[in-house]
Amino acid sequence: MVKTFHFPTEILCGAGALEAFVARVESRPEKLLIITDPVLKEIGLVGRLTRELDAKGLAYYIYSDTHSNPLEKDVEGGLRAYQDSDCEAIVGFGGGSPIDVAKAIALLVNHPMPLAQYDDTLGGSERISGVIPPIYAVPTTAGTGSEVGRSAVITMRTSGKKTIFFHPALIPAIAVLDPQLTTGLPPHLTAATGIDAFTHSMEAFFAPGFHPMADAIALSSIELVVEYLPLALRDGGNLEAREKMLIAASMGATAFQKGLGMIHSLSHPLSTHFDVHHGLANALMLPASVAFLESRELVTDQRRRLQKVGERVACRRGDPAGSLSGRCRRFIEDVGIEFGLARHGVGREDIARLSIDAYADPCHQTNMVPVSLEDLESIYEAAM
Ligand SMILES: [Zn+2]
């Protein structure tokens, strides 16, 4: 049987990658639309990019009206800015949110509105056939890996749900992994985004399906997170640790083209209804979800996959023997995350509607084992 898998994106990596990127785009004098968020603009991080562009006399326009969980109106506003400013290429500068907005704007440049018609779960990627302008991605967090991913997640106006837009043409042409841009990230965001990267790799490794490259990348990414996230937390200015975390995040997203799993389905409604940070939401749901897998009747290959991740976590931490769920719980606690959904305003009365949304979320379709609505309820219950 013929199997297809992909492995793309040019990645500039290391301190000074931002300058190298500007030198790279200097040879293609496209006017750039820079998508970022209000905080990054205010603290001057975007200024590091625009100073380089100014020095080379390159034209750009900044659009920063985006939200941390990106909205459809962010995309529409950015599209107007692109058209009104006669831009020709788009830079997503920030966490996963501005990068996802950049991708969705790029999609709409040569495809008619509304955005909703390109919803991947409704077959929308079939409607994507036009030219997509160049997308460049400059992550300032090490988590989502959107800089190497082919999807964008946007919360839609009508449904209020996080909706996935997916197409190979949405992969950024260049990803810029410059650790100097992440040294100012506060510890709680460093931890939450780092656990997001860990979750991507673990869920990708657990997802059924054939992708030996994704599997190998996922395991290496897990090792990097377990080794370097604590170092990045101990000293935010540790450029080696910051760079390794950026690489781990990109690897996690490269791996999860194989699929994600129930942790992401369980975490998405927590962000939508309780505004819990995406990475933190994954962290809160992770040990209970892994414990659920451990309680299932698994075939040998599935058991071995749990064991392999457990070994990676243990050998980097010098952990004593134990279950994967226990090892993950201790690792997440050690990076400063406290468990308990109740801390984030979630009550037992919320579990029914959260579970319905989690069940409707497509990520669990590639979970290691199929899950029922009742299973998801029991995992929320265990994570309370
Ligand atoms: Zn994620």
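Because the structure is predicted, anything quoted here is derived from the model rather than measured.

Draft legend 1. Main features of the overall build of the protein chain. Assigned secondary structure in the protein chain consists of 14 helices and 8 strands. Scaling as 2.2 N^0.38, a compact globule of 384 residues should have a C-alpha radius of gyration of about 21 Å, and the protein chain matches this with 20 Å. Across its three principal axes, the protein chain shows a C-alpha extent of roughly 60 × 50 × 45 Å. Expressed as a percentage of the 384 residues in the protein chain, the buried residues total 51%. Here the analysis covers contacts within the protein chain between residues at least 6 apart in sequence; of these, 78% occur between residues at least 24 apart.

Draft legend 2. Quick look at the nonpolar core. With 116 residues, the main nonpolar core has Ile-35, Ile-90, Ala-104 and Ile-105 as its most contacted residues. Here the element with the most residues in this core is helix 7 (residues 212-234); it accounts for 11 residues. Residues lining this core come from more than one domain, with at least three contributed by each of domain 1 (10-181) and domain 2 (187-383). Those residues within four positions of Ile-90 in sequence are excluded, and the remaining contacts are Leu-33, Ile-35, Tyr-82, Ala-102, Ile-105, Ala-106, Pro-133 and Ile-135.

Draft legend 3. Main features of unusual backbone geometry. Here the bond from Met-113 into Pro-114 is cis, since omega is 0 degrees, no more than 30 degrees from zero. Take Pro-114: it is sitting in the loop between helix 5 (96-109) and strand 5 (135-139). Even without being a glycine, Asp-86 presents a positive backbone phi close to 55 degrees. Summarising the element assignment, Asp-86 is placed in the loop between helix 4 (72-84) and strand 4 (89-94).

Draft legend 4. Local environment of the sheet that holds strand 5. Read from one edge of the open sheet, 6 strands run 1-8-5-4-2-3, paired in parallel fashion. On the outer flanks of this sheet lie strand 1 (10-13) and strand 3 (60-63), each paired with one strand and no other. The sheet shows a mean angle of 20 degrees between the axes of neighbouring strands, taken without regard to direction. Alignment of strand 1 against strand 8 (residues 174-177), held across 4 bridges, turns out to be parallel. Note on strand 8: the bridge partner recorded for Glu-10 is Ile-174. Along the sheet, helix 3 (residues 45-55) makes contact with strand 2 (32-35), strand 3, strand 4 and strand 5, crossing strand 3 at roughly 170 degrees. Against the sheet, helix 8 (residues 239-255) makes contact with strand 1, strand 5 and strand 8, and its axis sits at roughly 150 degrees relative to strand 8, the strand it touches most.

Draft legend 5. Molecular detail of the packing of helix 7 against helix 8. Across the interface, helix 7 lies against helix 8 with an axial gap of 8 Å and an inter-helix angle of 150 degrees. Between helix 7 and helix 8, the crossing angle belongs to the class labelled roughly antiparallel. Considering only the axes of helix 7 and helix 8, their crossing is left-handed. In this structure, helix 7 contributes Ala-214, Ile-217, Ala-218, Ser-220, Ser-221, Leu-224, Val-225, Tyr-228, Leu-229, Leu-231 and Ala-232 to the contact, and helix 8 contributes Ala-241, Arg-242, Lys-244, Met-245, Ile-247, Ala-248, Met-251, Gly-252, Thr-254 and Ala-255. Looking at the contact of helix 7 with helix 8, its residues break down into 15 nonpolar, 4 polar and 2 charged.

Draft legend 6. Just the environment of Glu-223, in detail. Position of Glu-223 among the secondary structure elements: in helix 7. Judged by C-beta crowding, with 17 C-beta atoms within 10 Å, Glu-223 ranks as partly exposed. On a C-alpha basis, the gap between Glu-223 and Pro-186 in space is 22 Å, while along the polypeptide they are 37 residues apart. Apart from the residues lying within four places of it in its own chain, the contact partners of Glu-223 are Arg-312 and Arg-316.

Draft legend 7. Structural context of the pairing of strand 2. Alternating residues of strand 2 divide into Leu-32 and Ile-34 and Leu-33 and Ile-35, and every residue in both groups is buried. Note: strand 2 against strand 3, 4 bridges, orientation parallel. By the bridge assignment for strand 3, Leu-33 is matched with Tyr-61. Taken together, the 4 bridges between strand 2 and strand 4 define a ladder with parallel strand orientation. Its bridge partner lying in strand 4, Ile-34 is registered against Val-91.

Draft legend 8. Here's a closer look at the pairing of strand 6 (residues 151-155). Bridging between strand 6 and strand 7 (residues 162-166) involves 5 bridges; their strand directions are antiparallel. Along strand 7, the bridge assignment pairs Ile-154 with Thr-163. The loop that links strand 6 with its antiparallel partner strand 7 comprises 6 residues; one of these, Gly-160, has a positive phi angle of about 70 degrees.

Draft legend 9. Main features of the domain arrangement of the protein chain. Each domain of the protein chain was delimited in the assignment, giving domain 1 (10-181) and domain 2 (187-383). Opposite the 25 residues of domain 1 that make contact, domain 2 presents 24 residues. Looking at the side of domain 1 that touches domain 2, the elements that each hand over two or more residues are strand 1, strand 7 and strand 8. Along the lines of polarity and charge, the residues of the side of domain 1 that touches domain 2 split into 10 nonpolar, 11 polar and 4 charged.

The rules behind these values
- Residues numbered from 1 in each chain as written.
- Predicted model: local features only at pLDDT ≥ 70, side-chain atom pairs only at ≥ 80, totals over all residues.
- Helix = DSSP H or I, 4+ residues; strand = E, 2+ residues; numbered from the N terminus.
- Rg over C-alpha atoms; globule rule 2.2 N^0.38 Å.
- Buried ≥ 20, exposed ≤ 12 C-beta atoms within 10 Å, placed from the backbone.
- Contact = placed C-beta atoms within 7 Å.
- Core = buried A, V, L, I, M, F, W, Y, C linked by C-beta atoms within 7 Å.
- Domains from an automatic or database assignment.
- Pairing = 2+ DSSP bridges.
- Axes fitted to C-alpha atoms, helices over the stretch in contact; angles between N-to-C directions.
- Parallel < 35°, antiparallel > 145°, perpendicular 65-115°, else oblique.
- Left-handed = near helix turned anticlockwise from the far one by under 90°.
- Nonpolar A, V, L, I, M, F, W, Y, C, P; charged D, E, K, R; others polar.

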